[in-house]
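Observations on the model geometry
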Amino acid sequence: MKNENHFYPADVLLPKKDFEKWAVVACDQYTSQPEYWDELENNIGATPSSLNIILPEARLGADDDKKISAINKTMQEYLQSGVFNTYNNTFIYVEREITGGKIRRGIVGLIDLEDYDYTKHSRSLIRATEATVLERIPPRVKIRKDAPLELPHVMLLADDKKKTVIEPLSVLKNDFEKLYDFELCKNSGRICGYAVNKEAALQIQNAVLKLIDTDADGLLFAVGDGNHSLACAKECYKLNPNPLNRYALVEIVNIHDESLVFEPIYRTVFGCVPEALIDSFVKYCGGEYFGADAQKFQCVFGENTRTVSVKPTSKLCVGTLQDFLDKYALENGNIKIDYIHGADVTAELAKNPKTVGFIFDGMHKDELFDAIKQDGSLPKKTFSMGHASDKRFYIEARKIKP
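For the structure given in this document, a descriptive report is provided here. The model shown is predicted, which means the values in this text are computed figures rather than measured ones.

Structural notes on the overall build of the chain
A count of helical and extended segments in the chain gives 11 helices and 21 strands. The C-alpha radius of gyration of the chain comes to 21 Å, within 12% of the 21 Å expected for a compact globule of 402 residues. Viewed in the frame of its principal axes, the chain has a C-alpha envelope of about 60 × 50 × 40 Å. Residues counted as buried form 58% of the 402 residues belonging to the chain.

Some words on the packing of aromatic side chains
Overall, the coordinates contain 20 aromatic pairs when judged by the stated rule. For the pair Tyr30 and Tyr36, a centre-to-centre distance of 3.8 Å together with 10 degrees between the ring planes defines the contact as stacked. This pair shows no difference in class: Tyr30 is buried, exactly as Tyr36 is. Centroid distance Tyr284 to Phe324: 5.6 Å. Interplanar angle 50 degrees. Geometry classified as tilted. Linking Tyr284 in helix α8 (residues 274-284) with Phe324 in helix α9 (residues 317-331), this pair joins segments that are 40 residues apart in sequence. Here Tyr284 falls in the partly exposed class, since its relative accessible area comes to 32%. Among the residues examined, Phe324 registers a relative accessible area of 3% and is labelled buried.

A look at the pattern of salt bridges
One pass over the full model with this rule turns up 27 salt bridges. Several salt bridges share partner residues, and in doing so they unite Lys178, Asp181, Glu183 and Arg190 into one network.

Remarks on the nonpolar core
For soluble globular proteins, the rule of thumb is that nonpolar side chains tend to be buried together. The biggest cluster of nonpolar side chains holds 50 residues, and the ones touching the most others in it are Leu14, Trp37, Phe84, Ile92, Tyr180, Phe182 and Ile395. Sequence-distant contacts of Phe84, that is, excluding residues within four places in its chain, are made with Leu13, Leu14, Pro15, Lys16, Trp22, Tyr78, Leu79, Leu149 and Ala397.

Some points on the environment of Ser81
Counting through the fold element by element, Ser81 comes out in the loop between α3 (64-80) and β3 (84-90). Residue Ser81 is classed as exposed on the basis of its relative accessible area of 53%. A sequence separation of 299 residues divides Ser81 from Lys380, and the C-alpha atoms of the two residues are 40 Å apart. A distance of 2.6 Å separates a polar side-chain atom of Ser81 from the backbone oxygen of Glu77.

Things to note about the sheet that holds strand β13 (residues 247-254)
If you walk across this open sheet you meet the 9 strands as β6-β7-β12-β9-β13-β5-β4-β11-β10, and the pairing is mixed. What marks the edges here is a single partner per strand, and that holds for β6 (116-117) and β10 (177-183). Alignment of β6 against strand β7 (residues 126-128), held across 2 bridges, turns out to be parallel. Residue Tyr116 lies in a different strand from β7, and its bridge partner there is Ile126.

As for the environment of Lys351
Relative to the helices and strands, Lys351 resides in the loop between α10 (343-349) and β18 (355-359). Note: C-alpha distance between Lys351 and Glu303 (48 residues apart in sequence) is 6.5 Å. Once you skip the residues sitting within four places of it in the chain, Lys351 turns out to touch Gly302 and Glu303.

Side note on the side chain of Asn242
Looking at the secondary structure, you find Asn242 in the loop between α7 (227-239) and β13. For Asn242, a relative accessible area of 12% translates into the label buried. The contacts of Asn242, once residues within four sequence positions are left out, are Tyr237, Ile400 and Pro402.

Things to note about the packing of helix α4 (residues 137-144) against α7
As a packed pair, α4 and α7 sit with axes 9 Å apart at the nearest point and diverge in direction by 60 degrees. Put simply, α4 runs oblique to α7. In this structure, α4 crosses over α7, and the sense of that crossing is right-handed. From α4, Ile137, Arg140, Val141 and Arg144 reach across to α7, where they touch His228, Ser229, Ala231, Cys232, Ala233, Glu235, Cys236 and Leu239. Here the residues of the contact of α4 with α7 sort into 7 nonpolar, 2 polar and 3 charged.

Re α7
Its 13 residues give α7 an end-to-end C-alpha distance of 18 Å, which sits within 8% of 18 Å, the value for a rise of 1.5 Å per residue. Here α7 lies mainly inside the structure; 11 of its 13 residues are buried. Burial in α7 covers these residues: Asn227, His228, Ser229, Leu230, Ala231, Cys232, Ala233, Lys234, Glu235, Cys236 and Tyr237.

How each quantity is defined
- Residues numbered from 1 in each chain as written.
- Predicted model: local features only at pLDDT ≥ 70, side-chain atom pairs only at ≥ 80, totals over all residues.
- Heavy atoms only, no water.
- Helix = DSSP H or I, 4+ residues; strand = E, 2+ residues; numbered from the N terminus.
- Rg over C-alpha atoms; globule rule 2.2 N^0.38 Å.
- Buried < 20%, exposed > 50% of the residue type's maximum accessible area, 1.4 Å probe, protein only.
- Phe/Tyr/Trp six-rings, centres within 6.5 Å; stacked < 30°, edge-to-face > 60°.
- Salt bridge = Lys/Arg side-chain N within 4 Å of Asp/Glu carboxyl O.
- Core = buried A, V, L, I, M, F, W, Y, C linked by side-chain atoms within 4.5 Å.
- Contact = heavy atoms within 4.5 Å.
- Polar contact = N/O pair within 3.5 Å; in protein donor to acceptor, adjacent residues only side chain to side chain.
- Pairing = 2+ DSSP bridges.
- Axes fitted to C-alpha atoms, helices over the stretch in contact; angles between N-to-C directions.
- Parallel < 35°, antiparallel > 145°, perpendicular 65-115°, else oblique.
- Left-handed = near helix turned anticlockwise from the far one by under 90°.
- Nonpolar A, V, L, I, M, F, W, Y, C, P; charged D, E, K, R; others polar.
- Expected span 1.5 Å × (residues − 1).

Listed below in structure tokens is the structure:
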């Protein structure tokens, strides 16, 4: 498999039927809404589903080892009982309907983990977009290290202004075999997947090589979503290198795709005294500030909203807030910080006692690649590519053990 293409077709496993119940959203979504996952489980019932071979972060905590053992057992059962069809040496072209009816286009294939480095000032071909929370890696390694399968929710971004890699496939797709076409659960849109033919596969790889040639910095892909899952894959490869787990299954998306919108990831703090925390934040930033470069935050708690304006301590609003919260958490170990998609969800969670949510302006997507090249990775959980329901769903699977 190894050559100098840096993006490869994969031996992809897909369920033979019941895609509507098979596909579920990424495990790091709805982390403070366990009822979302409970409802999914009730709707799926005994039908084979990716829900049975992932561990949603909302369910991390008690009996993790027991849950992980059950996941690995279920993976083996699915492999042995004929749940999957196998599509060898295949790229999958994906068209995903998202919020507002727009279509996001991508290609599912393999990257070489030797090309990826998640450390802040990496100069690798594939880089993290935001700071990796190191304490989040060991639990994910525990889940993956003995698993026979991977199911990716990783999305990589390409800076392809001329739209040479992905977009031509929308014209060619009628020549491809359609592998799936179905409605995603919980009003999350529709998705279609096509097996790319050999001629188009070569065209993809040639176009990817040209992206490298035109970038003096040597940055090919930036991790748009699933950085911690990809970091986990890298660590598992280091622990037990083999020809299968050297590679990771991902979807690449063009950052210039019109459907792609960056959404801020807001912060909600549980177990605090809201007014006191807000006062501490303002004090940390040097007091109220209304200069031209001021950063504004809506602080919601109960039925209240308090807007504060502060002097930046970081280029981005999220950086200013995260700097403060990291230090505050060290001094106040009783609080819990969660990272929330959607202002409405943040405000709803902030109605809980001793809870405050922070809502602020996000980063524009056109700033991303230059920011990575100049500053390295951004603050953790800086942005999200769309609403939670627009996240990548688990559909494709791949063997990672001989």
